Amino acid sequence: MDITRLEPRAKDVGGVPIARALPNKRIKTIGAWCFLDHAGPSTFNEGDEGMQVGRHPHTNLQTFTWMIEGEILHKDSLGNEQIITANKVNLMTAGTGLTRGISHTEQSVFSSKSGANEDDRRINMVQLWIALPTDKEIEPAFDHYPELPSWQEGSTEFVLTTGRYTSVSGETYKAPTKQYSKLIGLDVNFVEDNEVTLTTESGSEYGMLVVKGEIVFGGKLYKQNEMVYFDNSDVEKTNSITIKADKGTRIMFIGGEPLNNKVLLWWNFVADSKAEIEQSIIDWNNHHPRFGDVDSDLHRLPAPPLPEGFKE
Ligand code: MN
């Protein structure tokens with residue numbers, strides 16, 4: 001099986017060190033998943049404010065937040081305010097095209113709690129973006145999913161964060177999470193040392209992020225924050241992927257069918273053309289009403305200009 005190892009890049013988002021696995025020099029998208037940031041697992045210092053991401057816009061994408069440890073407050077320009085806690089998903093839909101958009105803030109809340117203890121200062125969070133199909137008229141929205149299908153296979157725990165998944169034993173699960181293209185997101189938690197087989201479907205491509213610990217796949221070791229990418233031809237040969245990991249390891253298995261349109265990405269914008277990204281930069285920096293406003297004291301982040309030679 002031909003597979004690709006994706007090395008993460010170290011970034012800073014709102015004062016928090018992040019491992020960015022997508023987009024990657026080698027792979028830009030996995031299905032419609034076009035961005036993957038992993039924060040933690042770590043503990044903020046006492047007196048630290050944690051994550052404070054100021055007001056910023058999005059276009060032609062959904063932000064998909066999977067929380068493993070910690071608490072983050074989301075506020076958006078539709079007036080939604082939602083604290084996300086462990087084992088839940090926040091999904092914000094920016095909407096498609098040049099007339100739609102959304103803006104939001106994301107912040108740690110432990111510093112506002114009196115006597116925040118060490119547990120409150122933990123963070124382990126995966127935030128992904130899902131590119132929207134630009135030939136569809138999609139309205140901005142925000143959804144919170146506190147209840148997701150979860151089950152055990154042997155000693156290993158699974159949570160289906162989005163999509164439909166059939167386990168090796170033949171059981172099919174379906175997440176309530178809103179989708180505009182075929183996608184899957186599966187959290188796998190090794191309670192004991194184990195070998196686990198994940199199923200795959202024809203027509204989809206897949207990736208696996210090591211969220212915590214390390215895994216062995218195809219005789220090779222993958223460390224925390226590394227990602228394994230499997231293209232369609234790889235998974236169609238076997239329709240399954242078997243990995244081995246020690247107790248305490250956690251992975252995020254994602255996949256989906258590629259979109260028919262181009263997925264260009266700059267700053268917080270996704271679009272299918274350079275002209276649309278340029279217009280979105282102008283609109284945000286000129287306070288265009290398509291992005292609304294967030295009821296927040298956090299600063300407003302300006303959109304940087306497109307670099308010379310940005311490739312369409
Ligand atoms: Mn955002």
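Everything below is about the structure shown above.
Heads up: these notes are all about the structure in this document.

The rules behind each value
- Residues numbered from 1 in each chain as written.
- Predicted model: local features only at pLDDT ≥ 70, side-chain atom pairs only at ≥ 80, totals over all residues.
- Heavy atoms only, no water.
- Donors = N, O, S within 2.8 Å, 3.2 Å for Na, K, Ca; no water.
- Buried < 20%, exposed > 50% of the residue type's maximum accessible area, 1.4 Å probe, protein only.
- Salt bridge = Lys/Arg side-chain N within 4 Å of Asp/Glu carboxyl O.
- Helix = DSSP H or I, 4+ residues; strand = E, 2+ residues; numbered from the N terminus.
- Contact = heavy atoms within 4.5 Å.
- Pairing = 2+ DSSP bridges.
- Axes fitted to C-alpha atoms, helices over the stretch in contact; angles between N-to-C directions.
- Core = buried A, V, L, I, M, F, W, Y, C linked by side-chain atoms within 4.5 Å.
- Polar contact = N/O pair within 3.5 Å; in protein donor to acceptor, adjacent residues only side chain to side chain.
- Phe/Tyr/Trp six-rings, centres within 6.5 Å; stacked < 30°, edge-to-face > 60°.
- Lys NZ or Arg CZ within 6 Å of the ring centre and 35° of its normal.

## Thoughts on the coordination of the manganese ion
And then number 1: Protein coordination at the manganese ion comes from His56 (NE2), His58 (NE2) and His104 (NE2), with a distance range of 2.1 to 2.2 Å.
And then number 2: One chain supplies every donor to the manganese ion, and in sequence these donors are spaced H-x1-H-x45-H. Pair check on accessibility: histidine 56 and histidine 58 agree, each one buried.

## Side note on the pattern of salt bridges
And then number 1: Summed over all chains, the structure comprises 10 salt bridges.
And then number 2: In this structure, the salt-bridge partner of glutamate 137 is arginine 100, at a minimum N-O distance of 2.8 Å. Residue glutamate 137 is found in the loop between strand S11 (122-131) and strand S12 (141-145), and its partner arginine 100 is found in the loop between strand S9 (89-93) and strand S10 (102-108); the two are separated by 37 residues along the sequence.
And then number 3: By relative accessible area, glutamate 137 is classed as exposed at 67%.
And then number 4: A salt bridge links aspartate 283 to arginine 290, with the nearest nitrogen and oxygen atoms 2.8 Å apart.
And then number 5: Since its relative accessible area comes to 8%, aspartate 283 is described here as buried.
And then number 6: Under the relative-accessibility criterion, arginine 290 is labelled buried at 7%.
And then number 7: Each of the salt bridges in this network shares a partner with another, and the network as a whole consists of Arg100, Glu137 and Glu139.

## Here's the deal with the environment of valine 89
And then number 1: With respect to the helices and strands, the residue valine 89 is situated in strand S9.
And then number 2: Taking the C-alpha atoms as reference points, valine 89 and methionine 67, separated by 22 residues in sequence, lie 6.7 Å from one another.
And then number 3: With sequence-adjacent residues up to four places away left out, valine 89 is seen in contact with Phe64, Thr65, Trp66, Ile84, Asp143, His144, Tyr145, Leu148, Thr161 and Thr177.

## Some remarks on the sheet that holds strand S23 (residues 240-245)
And then number 1: Spatially, 4 strands are ordered S18-S23-S20-S21 in an open sheet, and the strand pairing comes out antiparallel. Each end of this open sheet is capped by a strand with a single partner; those strands are strand S18 (194-199) and strand S21 (220-223). Taken pair by pair, the neighbouring strands of this sheet meet at an average axis angle of 30°, ignoring direction.
And then number 2: Inspection of the sheet shows strand S20 (residues 214-217) paired to S23 by 2 bridges, in the antiparallel sense. Considered in S23, the bridge of valine 216 is made with lysine 244.

## Considerations on the nonpolar core
And then number 1: In terms of nonpolar packing, the biggest core is built from 33 residues, with Leu36, Phe64 and Trp66 touching the most fellow members.
And then number 2: The set of elements that each furnish at least two residues to this core consists of strand S3 (16-22), strand S4 (33-43), strand S6 (61-69), S9, S11, strand S19 (205-212), strand S22 (227-230) and strand S24 (250-256).
And then number 3: Here this core gets 5 residues from one element, more than from any other, and that element is S11.
And then number 4: With residues up to four places along the chain from it excluded, the contact list for leucine 36 reads Ala19, Arg20, Ala21, Leu22, Val126, Gln127, Leu128, Leu209, Met227 and Ile254.
And then number 5: Ranked by size, the runner-up nonpolar core spans 25 residues in total, among them Trp151, Leu160, Tyr173 and Phe190.

## Description of the side chain of asparagine 261
And then number 1: Along the polypeptide, asparagine 261 turns up in the loop between S24 and strand S25 (264-266).
And then number 2: At 3.1 Å, the side chain of asparagine 261 forms a polar contact with the backbone nitrogen of threonine 134.
And then number 3: Setting aside its immediate chain neighbours within four residues, asparagine 261 contacts Leu132, Pro133, Thr134 and Asp272.

## Comments concerning the packing of aromatic side chains
And then number 1: Under the definition given, this model contains 11 aromatic pairs.
And then number 2: Judged by centre distance (6.0 Å) and plane angle (20°), the rings of tryptophan 151 and tyrosine 165 are stacked. Of this pair, tryptophan 151 sits in strand S13 (residues 150-153) while tyrosine 165 sits in strand S15 (residues 164-166); the two residues are 14 residues apart in sequence, bridging distant segments of the chain.
And then number 3: Grouping aromatic residues by their ring pairs yields a cluster made of Trp151, Phe158, Tyr165 and Tyr173.
And then number 4: We note arginine 300 situated over the ring of tryptophan 284; from NZ or CZ to the ring centre the distance is 3.6 Å.

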